[in-house]
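Reading the structure
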Amino acid sequence: MRKVFLGVLALALFTLPLQAEESMNPIITAMPSLSIAPDAHAGGLGDVGAATTPDLNSQHWNPAKYAFMESHGGLTASYTPWLRKLVSDIDLAYLAGYYKWSEYDAIGASFTYFSLGAVQLTTESADFLAEARPNEWALDVSYSRKLHEYVSMAVALRFMYSDLNNGVNQAATSSATELYPGWTMAADVALYYKQPIELPMGTSYIAAGMNISNLGGKISYDENNHSNFIPANLRIGVSYELAFDSYNRLSVNADINKYLVPTRKSKFALDADGNELTGDALTNWYSGISSPRGWAMSFADAPGGFAEEMREIQFGLGLEYSYNRQFFGRLGYSHENRWKGNRRYVTIGAGFNLSIFSLDVAYVVATSAANPLDQTLRFTVGFDLAGIKDLVNNRR
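Since the model is a prediction, treat every value here as computed from it, not as a measurement.

Some details on the overall build of the protein
Each helix and strand in the protein was counted, giving 7 helices and 18 strands. The buried share of the protein, reckoned over its 396 residues, is 51%. A separation threshold of at least 6 residues defines the contact pool for the protein, and within that pool the share at least 24 residues apart is 62%.

What follows is the structure, encoded as structure tokens:
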């Protein structure tokens, strides 16, 4: 049963190429919903966010950006109906916010909830057992501080919980494996650099960011302690915002992304005689890898050597045009190698920002064949708490 549920999660979150099985070697993790872009701002920029302009959703992409926010606080909420081309009840909800009490210090927090909808459970003989609603969620807090006029750093702590079967288990048989909710904790470390450049037509900005996220323990769903890696990740980004005049601006943004997770089909998965491990032997070997060892292995474990390691690097590109920092148009592209997941798509986004309220929307257009991410919509609303406070005070 455990394999069934992990398969459901993988199918719900990843699109694999329709090629021979021996050619595919994707990285599969527990809690994969943490890898989904939760907001429409970054979602319109090709899932790019490590070095983009600081915004309310920075907690997911790079919490160090909160130290550069101009307002003292804000809240945002995002909603994504996931894989609507396949099913109608898989959803991702995201809440985030921050508070900045000085010019240098800020705290942030977010809550992510992912529901896989209703799943019909059956026994090994295909008899109906029960209906479950698998879900997973994560809660995190961060602290960011400016170390220099142009540099900030942040740390974050995250608690994550994954419930694959809502307590529904198969009747005890010799081959049945009961499942239990899994949980673990992890930390992020982030850096952000942003420097103004004075040009004749206005102030432009160059920025760079890095976020090493989800460095923590593994998750186990059964009493046999078969553990699963969480999506530890290295994200590096650059951004350049060019001012054409006092109203019109264009930013160019790029991210590269690398999972710090070893592949199951690893060049190190060998027995004492040098033969490739398979079946239960492979599962036991993979479960026995510690998190720190896995982070190190992830840079050199691909059986295809350096060429395959390079395939594991995802990248995104995004363009954002803004008028008076109130109206925004966005275009992006996200690319993943076809042997590592095949998630390739163009994104389109738009938004507007008033003094106290913002609204963003993003849309996915798949560029790979039979991609269920096609036509995915994201919605985000945000509120500037300082602006709301000022508005209330002015009305008194």
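Focus: a nonpolar patch on the surface
A cluster of nonpolar residues, Tyr 79, Val 252, Leu 319, Leu 331, Ile 348, Val 361, Tyr 363, Val 365, Leu 377 and Phe 379, forms a patch on the protein surface that exposes about 760 Å² of accessible area. Every element with two or more residues in the nonpolar patch is listed here: β17 (357-366) and β18 (377-384). It is β17 that provides the largest number of residues to the nonpolar patch, a total of 3 residues. Within the secondary structure layout, Leu 377 lies in strand β18. Taking the relative accessible area as the measure of exposure, Leu 377 reaches 32% and is therefore partly exposed.

Examining the pairing of strand β6 (residues 135-146)
With 11 bridges joining them, strand β3 (residues 105-115) and β6 adopt antiparallel strand pairing. Counterpart to Ser 110 in the pairing with β6 is Asp 140. Two elements, β6 and strand β7 (residues 151-163), share 12 bridges in a ladder whose sense is antiparallel. By the bridge assignment, Val 141 is partnered in β7 with Leu 157. In this antiparallel pair of consecutive strands, β6 and β7, the connection spans 4 residues.

Side note on the confidence of the model for the protein
On average, the protein scores 87 in pLDDT, and the residues at 70 or more come to 87%. Every residue in residues 1-8 scores below 50 in pLDDT, and together they form 20 contacts with partners more than four places removed in sequence or on other chains. Counted against residues more than four places away or in other chains, residues 14-22, with its pLDDT under 50, gives 24 contacts.

What about the pattern of salt bridges?
For the coordinates displayed, the defined rule picks out 13 salt bridges. Put simply, Glu 241 and Arg 249 hold a salt bridge, and the shortest N to O gap is 3.0 Å. Linking Arg 325 and Glu 241 is a salt bridge whose minimum nitrogen-to-oxygen distance equals 3.0 Å. One end of the pair, Arg 325, is in the loop between β14 (313-323) and β15 (327-335); the other, Glu 241, is in strand β12 (residues 233-243), with 84 residues separating them in the sequence. One salt-bridge network, held together by shared partners, links Lys 258, Glu 308, Glu 309, Glu 312 and Lys 340.

Comments concerning unusual backbone geometry
Even without glycine at this site, Asn 214 takes up a positive phi of about 60 degrees. Within the secondary structure layout, Asn 214 lies in strand β9 (residues 202-216). For Gln 375, which is not a glycine, the phi torsion comes out positive at approximately 70 degrees. Relative to the elements of secondary structure, Gln 375 occurs in the loop between β17 and β18. Residue class for Gln 375 comes out partly exposed when judged on its relative accessible area of 43%.

Overview of the side chain of Glu 312
Looking at the element boundaries, Glu 312 is found in the loop between α6 (306-311) and β14. Accessibility expressed as a relative area gives 4% for Glu 312, which makes it buried. Only 3.2 Å separates the side chain of Glu 312 from the side chain of Lys 258, close enough to count as a polar contact. Setting aside its immediate chain neighbours within four residues, Glu 312 contacts Ile 27, Asn 257, Lys 258, Thr 263, Ser 298, Ala 302 and Lys 340.

Some remarks on helix α4 (residues 279-287)
Regarding α4, the residues found buried are Leu 282, Thr 283, Trp 285, Tyr 286 and Ser 287. At its buried positions, α4 is contacted by β11 (227-228) and α5 (291-297).

With respect to the side chain of Gln 314
Looking at the element boundaries, Gln 314 is found in strand β14. Judged by its relative accessible area of 13%, Gln 314 falls in the buried class.

A word on the packing of aromatic side chains
Overall, the coordinates contain 13 aromatic pairs when judged by the stated rule. Measuring from ring centre to ring centre gives 6.2 Å for Trp 101 and Tyr 143, while their planes differ by 25 degrees; the resulting arrangement is stacked. One end of the pair, Trp 101, is in the loop between β2 (91-99) and β3; the other, Tyr 143, is in strand β6, and 42 residues separate them in sequence. Judged by its relative accessible area of 42%, Trp 101 is partly exposed. Judged by its relative accessible area of 33%, Tyr 143 is partly exposed. Relative to Phe 159, the ring of Trp 137 has its centre 5.6 Å away and its plane inclined at 45 degrees; by these criteria the two rings are tilted. Highlighted residues: Trp 137 in strand β6 and Phe 159 in strand β7, separated in sequence by 22 residues.

About the cut-offs
Residues numbered from 1 in each chain as written. Predicted model: local features only at pLDDT ≥ 70, side-chain atom pairs only at ≥ 80, totals over all residues. Heavy atoms only, no water. Helix = DSSP H or I, 4+ residues; strand = E, 2+ residues; numbered from the N terminus. Buried < 20%, exposed > 50% of the residue type's maximum accessible area, 1.4 Å probe, protein only. Contact = heavy atoms within 4.5 Å. Patch = residues over 30% accessible without salt bridge, like charges linked within 9 Å, V, L, I, M, F, W, Y side chains within 5 Å. Areas by Shrake-Rupley, 256 points an atom, 1.4 Å probe, with all protein chains shown as cover. Salt bridge = Lys/Arg side-chain N within 4 Å of Asp/Glu carboxyl O. Pairing = 2+ DSSP bridges. pLDDT = per-residue confidence, 0-100. Polar contact = N/O pair within 3.5 Å; in protein donor to acceptor, adjacent residues only side chain to side chain. Phe/Tyr/Trp six-rings, centres within 6.5 Å; stacked < 30°, edge-to-face > 60°.

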